[in-house]
Amino acid sequence: MKRWLCAAMAVLVFAQPLDAYLQFSVMRAGQTRALKWQRIPVRWHAADRGAAGVSASEFQATMARAFGTWEAVPTASIAFQFAGFSGAEPFDDDGVSVLGFQDQPDMERVLGATGFLVDTVTGDIVEADIFFNSAFPWSTSAAGDPNRFDLESVAVHEIGHFLGLGHSALGETEVRPEGGRRVLASGAVMFPISFGRGVTHDRTLQPDDIAGVSDLYPDGDFRSQTGIARGRVTRNGGGVLGAHVVAFNPERGELVGGFTLNNDGEFEIAGLQPGPHIIRVEPLDDADVESFFSARNPIDLGFLVTFFNRLFIAPSGGQGETVTVAVRPK
Ligand SMILES: [Zn+2]
């Protein structure tokens, strides 16, 4: 059985429900399987048309750079191959992965979106398509253009989805008086809200993105050289669903995040550099829950930020001490 899934990057607000952060997954016979590509290199096509200010060849070159950014992660084994220009539309169910512009003026807050065709038995991604909304002004200029969205930055984010990564909650936003949100800071390209026009910041992957792709497509000794934090977030003895758990490595200044993904409040953060980490548990931003979880999940938001009461030491390979954090109601 094959099924389309979809993820979108929002300019201001994101409204596409997903079940899990870090990696998309399918449930089969009680087992969770991560969505990922099995056939590598992954072949992709560029649509044979551009948009205002971006020619088809500039579009293709920008996508190639964005794919190259993920391919360059030394601890991940993913690879891509440009298979040519195509007249096909993104989101056609044709077995061919196509990236291209589409004019979707009604999607007034969506810069781009990624859809997958997945084998729901194995979790294999069979096809993934990305559209960029040409209702917005785009730039491929090396320095960015203050009046236009940086195509490469949004492409790096969408290709994260294309690989099977979900959103990261490592970021801070503020509500704008005119509506929507403004990003103040983000610790991941996979944060769901764009920085806005002119900002090229998301061309560069951050430690959370690198941990995510390396965990999904581990290269060589990645698993034996990084550690896993596993544990549970509880409230009055019961599990907390949807708590945001962040591991901060003060020595390296790196943040890697994850979520509790079941009713027992269990979480796992893989790909941590060996050494001490501060573990912080916080509720998701209540205005932004559906960037991370489907609305049908009863996400717990009513608790105080709580730290694990000692340092977590990530080992070189395998799991460190089990982390249990009991939070108190807000
Ligand atoms: Zn996204």
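Every value quoted in this text rests on a predicted model; they were computed, and no experiment measured them.

### Side note on the environment of Val281
Counting through the fold element by element, Val281 comes out in strand β18 (residues 275–282). The exposure class of Val281 is buried, given the 24 C-beta atoms found within 10 Å. Considered as a pair, Val281 and His244 are 37 residues apart in the sequence and their alpha carbons are 5.7 Å apart. Setting aside residues up to four positions removed in sequence, Val281 forms contacts with Val233, Ala243, Val245, Thr306, Val325 and Val327.

### Structural notes on the confidence of the model for the chain
For the chain, the mean per-residue pLDDT works out to 87, and 90% of the residues sit at or above 70. Least confident of the elements in the chain is strand β1 (residues 2–10), whose mean pLDDT is 50; most confident is helix α1 (residues 56–71), at 98. Note that residues 9–22 has pLDDT below 50 and, in this model, 55 contacts with residues that lie over four places away or in other chains.

### Concerning the pairing of strand β15 (residues 244–249)
Where β15 and strand β16 (residues 254–259) come together, 6 bridges link them in antiparallel fashion. Residue pairing across strands places Val246 opposite Gly257, the latter belonging to β16. Counting the residues between successive antiparallel strands, the hairpin from β15 to β16 contains 4 residues, one of them, Gly253, with a positive phi of roughly 65°. Pairing geometry for β15 and β18, over 5 bridges, is antiparallel. Bridge pairing links Ala247 to Ile279 in β18.

Conventions and cut-offs
Residues numbered from 1 in each chain as written. Predicted model: local features only at pLDDT ≥ 70, side-chain atom pairs only at ≥ 80, totals over all residues. Helix = DSSP H or I, 4+ residues; strand = E, 2+ residues; numbered from the N terminus. Buried ≥ 20, exposed ≤ 12 C-beta atoms within 10 Å, placed from the backbone. Contact = placed C-beta atoms within 7 Å. pLDDT = per-residue confidence, 0-100. Pairing = 2+ DSSP bridges.

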